[in-house]
Amino acid sequence: MNTLKFVETSKGYSREIQASLSNEVGISWGGAAIAAIVGGQMTPGKPSNGRPVIRDLSNAETQQLSLFNDESSDENNKSTIDTVAQLSAANGIDADKLKQIFRHNGEQLQLMETRLKATNRLDAARRLTYLVLLYSLDVDGREEVPRTELNETLKSVRLYDNNTATWIGKSADLIVERDMVGLRLSGQEQARKVLAQVLDRSIEDKWNLTTGSGSRGSKSSAKSEEDSENSTKNSKRKNNGFSKEVESWVANWKPLASNIDFHAAIKDCTVIQKGLFGLWAIGRATSNPEIVVSSYKLKQFLYLGFGIKIDERHLERTLQAASGQGSLIKVQSGFQLLPPGLSEVERLTSSRQGNTFTDESSENSGEV
């Protein structure tokens, strides 16, 4: 308990006010009461963290409160005392409610009530942020807290991520200055609404902080998350591997080009020339000169079959630009080589490999 004492002496008489306050209530409104009593001239004190707790609450024209029965100050006395009493009651109630949600574990604020009545992960992070800052204001008497302290509380329940950090930085309800975070008046109002909702047992908790999913069908949600994780792993494996179809094309192509160094023939060609050559080679390997090939599979074939590495998006854009100009066309699932494109491939490879390429090609296919 702490004792708040104010003594006033006038014309040889002395009167005083003395009140006993708990740490929480004393910190929450004691400074406001003192500032009001002495006319807002109290110098703000500083807690152990070095940040002001008591703020100057005086207006531009402050009238000093007197304890004596002077008619000019009676109305001011009553108004000030009523205001302090209301402030005490409101903060005291909210402080008691907040103590049901948090407790201190050393210097770390620990969340005890995990039913935040959130609808999703980001909503839970927002709600917890409001409550942490309200706790600091109403219980600890701090109008701002270090950003790192807030982040640690969010991290302790796995609610701190890029989305949360972005919201904290942009929210109109928060004051973010340097490395400190506090609540604006709109934020304080929102925080008290969240506090009331969290403690209202008639409101259903739709998002479970522990499992990170909706409370209804939590088992199916958990399985959905597991399936999603497995799908992601499979997708990564697919991206890091090669299409089985492309591997079969390469296997069929190699016997057709065993005596020709096609890598040397096309390595210095343009992207469009390499694309046309790849389409031609796949047509040879599949015995289907009109085959439609996606840029993804074409890129893989060029790399596996000839050691030619091309960025897929660059290849896609280049072939798309050339589509409809005679060499190839773009169809829904990929690209298709046209007769003019076939002739261009033959001219290209003949000029780089001489008659060896033409002879070998005719020998293997009989006819182009």
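In this report, we go over the structure that sits alongside the text. (Residues numbered from 1 in each chain as written. Predicted model: local features only at pLDDT ≥ 70, side-chain atom pairs only at ≥ 80, totals over all residues. Heavy atoms only, no water.)

Further remarks concern the overall build of the protein chain. Along the backbone of the protein chain there are 14 helices and twelve strands. Residues classed as buried in the protein chain amount to 37% of the 368 residues present. Sequence-distant contacts in the protein chain: of pairs separated by 6 or more residues, those separated by 24 or more amount to 59%. Of the roughly 21,200 Å² of accessible surface on the protein chain, 47% is carried by carbon and sulfur atoms. (Helix = DSSP H or I, 4+ residues; strand = E, 2+ residues; numbered from the N terminus. Buried < 20%, exposed > 50% of the residue type's maximum accessible area, 1.4 Å probe, protein only. Contact = heavy atoms within 4.5 Å. Areas by Shrake-Rupley, 256 points an atom, 1.4 Å probe, with all protein chains shown as cover.)

Turning next to the sheet that holds strand β10 (residues 292-293). Taken together, the three strands give an open sheet; going across it, the order is β10-β12-β11, and neighbouring strands pair in antiparallel fashion. Since the sheet does not close on itself, it has two edges, and those belong to β10 and β11 (328-331), each with one partner. Bridging between β10 and strand β12 (residues 334-337) involves two bridges; their strand directions are antiparallel. For Val293, the partnering residue across the bridge sits in β12 and is Phe335. Sheet strands in contact with helix α10 (residues 271-286) are β10, β11 and β12, and its direction is about 80° off that of β12. (Pairing = 2+ DSSP bridges. Axes fitted to C-alpha atoms, helices over the stretch in contact; angles between N-to-C directions.)

Across all of its chains, the model carries 13 aromatic pairs by this definition. For the ring pair Phe102 and Tyr135, a centre distance of 5.5 Å and an interplane angle of 65° mean the geometry is edge-to-face. With Phe102 in strand β3 (residues 102-105) and Tyr135 in helix α3 (residues 121-138), this residue pair connects regions lying 33 residues apart in the sequence. Each member of the pair Phe102 and Tyr135 is classed as buried. When the centroid spacing of 6.5 Å and the interplanar angle of 65° are considered together, the rings of Trp249 and Phe301 count as edge-to-face. Highlighted residues: Trp249 in helix α8 (residues 244-253) and Phe301 in helix α11 (residues 295-306), separated in sequence by 52 residues. (Phe/Tyr/Trp six-rings, centres within 6.5 Å; stacked < 30°, edge-to-face > 60°.)

The pairing of strands in a sheet comes from backbone hydrogen bonds and takes either a parallel or an antiparallel form. Pairing is antiparallel across the open sheet formed by three strands, whose spatial order is β5-β7-β6. In the strand order of this sheet, the two ends are held by β5 (144-146) and β6 (174-177), each with one partner. Put simply, the sheet's adjacent strands are angled 25° from each other on average, direction ignored. Two elements, β6 and strand β7 (residues 180-183), share four bridges in a ladder whose sense is antiparallel.

Located in the positive-phi region is Lys117, a residue other than glycine, with phi close to 60°. Checked against the element boundaries, Lys117 lands in the loop between β4 (108-111) and α3. Lys117 gets classed as buried once you look at its relative accessible area, which sits at 9%.

For the rest of this paragraph, the subject is the pairing of β3. Of the pairings in the sheet, the one linking β3 to β4 comprises four bridges and is antiparallel in character. When the bridges of β4 are listed, Arg103 appears paired with Gln110. Between β3 and β4, which pair antiparallel and follow one another directly, the connecting turn spans two residues, one of which, Gly106, has a positive phi of 70°.

The subject of this paragraph is the pattern of salt bridges. Opposite charge on two side chains permits pairing when their charged atoms draw close. Counted by the stated rule, this structure contains twelve salt bridges. For Arg192, the salt bridge is made with Asp94, and the minimal N-O distance between the two is 2.4 Å. Of the two residues, Arg192 sits in helix α6 (residues 185-198) while Asp94 sits in helix α2 (residues 71-101), which places them 98 residues apart along the sequence. Taking the relative accessible area as the measure of exposure, Asp94 reaches 12% and is therefore buried. Residue Glu113 is joined to Arg115 by a salt bridge in which the shortest nitrogen-to-oxygen separation is 2.8 Å. (Salt bridge = Lys/Arg side-chain N within 4 Å of Asp/Glu carboxyl O.)

In this model, α3 (18 residues) spans 26 Å end to end at C-alpha, consistent with the 26 Å of a helix rising 1.5 Å per residue. Of all the 18 residues making up α3, 15 are buried; the element is thus mostly covered by neighbouring parts of the structure. Residue Asn120 occupies the N-cap position of α3, its side-chain oxygen lying 3.2 Å from the main-chain nitrogen of Leu122. (Expected span 1.5 Å × (residues − 1). Polar contact = N/O pair within 3.5 Å; in protein donor to acceptor, adjacent residues only side chain to side chain.)

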